[in-house]
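Okay, here's what each chain looks like letter by letter:
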Amino acid sequence: ISLQKILIYTKALNDSNRLSIIKLLLMSKGLAPDVLAEKLSLSLNVVKYHINQLKNANFITVERNDQGIYYTYNPSGYKDLANILETFTKGEYDQ
């Protein structure tokens, strides 16, 4: 595990808007970006920025259908985070 990967995961969780996005996705089967923007009272561009941070850390996935793009919670991202933190606490990471 590289220090850069640890930073990607921790950065993704270091923002209240991103945590709110995760919470909304946990409570739904998927939400479109415009719905997330409305629920959080944020601009669509701001939501897309936060979504990209969460996608980079594998916390959410993108699903496309004939109605548009939807974001969903990705449980494997949290498993990855648990493994990364375990590795980090053992000191088994590369600078």
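Structure: above.
Everything numeric here is computed off the predicted structure, so don't read it as measured data.

Reading the values: rules and limits
- Numbering of residues starts from 1 in every chain and runs along the sequence as written.
- Residues qualify for local features only when their pLDDT is at least 70, as the model is predicted, and side-chain atom pairs are given and counted only at 80 or more; totals for whole chains, interfaces and linings, by contrast, use all residues.
- No hydrogens and no water enter the side-chain calculation; it runs on all heavy atoms of the structure.
- In this description, a nonpolar core means a group of buried Ala, Val, Leu, Ile, Met, Phe, Trp, Tyr and Cys residues linked to one another through side-chain atoms lying within 4.5 Å.
- Here's how the labels work: a residue is buried when its accessible area is under 20% of the maximum for its type, exposed when over 50%, partly exposed in between, all with a 1.4 Å probe on protein chains only.
- Counting from the N terminus, the helices are DSSP H or I runs at least four residues long and the strands are E runs at least two residues long.
- Contacts are assigned to residue pairs with any non-hydrogen atoms lying within 4.5 Å of each other.
- Only one rule defines a salt bridge in this text: a Lys or Arg side-chain nitrogen within 4 Å of an Asp or Glu carboxyl oxygen.
- Every axis corresponds to a line fitted to the C-alpha atoms, with the helix fit spanning only the stretch in contact, and the corresponding angles, defined between N-to-C directions, vary from 0 to 180 degrees.
- Crossing handedness: left-handed means the near helix sits turned counterclockwise from the far one by under a right angle, and right-handed means the same turn made clockwise.
- Under the grouping applied here, Gly and all other residues not named as nonpolar or charged are polar, the nonpolar ones being Ala, Val, Leu, Ile, Met, Phe, Trp, Tyr, Cys and Pro and the charged ones Asp, Glu, Lys and Arg.
- The term polar contact refers here to a pair of N or O atoms within 3.5 Å; inside protein, the definition further demands a hydrogen-donor-capable atom paired with an acceptor-capable atom, and it admits residues adjacent in sequence only when both atoms are side-chain atoms.

Enquirer: Would you take a moment to explain the nonpolar core for this structure?
Expert: Soluble globular proteins tend to bury their nonpolar side chains together. Membership of the largest hydrophobic core comes to 20 residues, with the highest contact counts inside it found for Ile21, Leu25, Leu36, Ile51, Leu54 and Phe59. At the level of elements, α1 (3–13), α2 (16–26), α3 (33–40), α4 (44–56) and α5 (75–89) are the ones that each hand at least two residues to this core. For this core, the element with the highest residue contribution is α2, accounting for four residues. Dropping the residues within four chain positions of it, Phe59 is found in contact with Tyr9, Ala12, Leu13, Leu54, Thr72, Tyr73, Asn74, Gly77, Tyr78 and Leu81.

Enquirer: Would you explain the side chain of Thr87 in this entry?
Expert: Here Thr87 lies in helix α5. Ignoring anything within four residues of it in the chain, the contact list for Thr87 reads Ile1 and Glu92.

Enquirer: Any chance you could explain the pattern of salt bridges here in plain terms?
Expert: Working definition: two side chains of opposite charge can pair if their charged atoms are close together. Inspection of every chain in the model, using the stated rule, returns one salt bridge. Two residues, Glu86 and Lys90, come together in a salt bridge whose shortest N-O distance is 3.1 Å. Classification of Glu86 by relative accessible area gives partly exposed; the value is 41%. Given the relative accessible area of 52%, Lys90 is considered exposed.

Enquirer: Just checking my understanding: could you explain the packing of α2 against α3 for this structure?
Expert: Each pair of packed helices gets described by two things: the angle between the helix axes and the distance between those axes. In contact at an axis separation of 11 Å, α2 and α3 are set at 115° when each is read in the N-to-C sense. Once α2 is placed against α3, the crossing between them reads as right-handed. When α2 is examined against α3, the residues Asn17, Ser20, Ile21, Leu24 and Leu25 are found in contact with a partner set consisting of Leu36, Lys39 and Leu40. When its residues are assigned to classes, the contact of α2 with α3 shows five nonpolar, two polar and one charged.

Enquirer: Which parts of the structure should I look at to understand the side chain of Asn74?
Expert: Along the chain, Asn74 turns up in the loop between β2 (68–73) and α5. Judged by relative accessible area, Asn74 falls into the buried class, the value being 10%. A polar contact of 2.9 Å, which involves the side chain of Asn74, links it to the side chain of Asn58. Every residue in contact with Asn74, bar those within four places of it in the chain, is listed here: Asn58, Phe59, Ile60 and Thr61.

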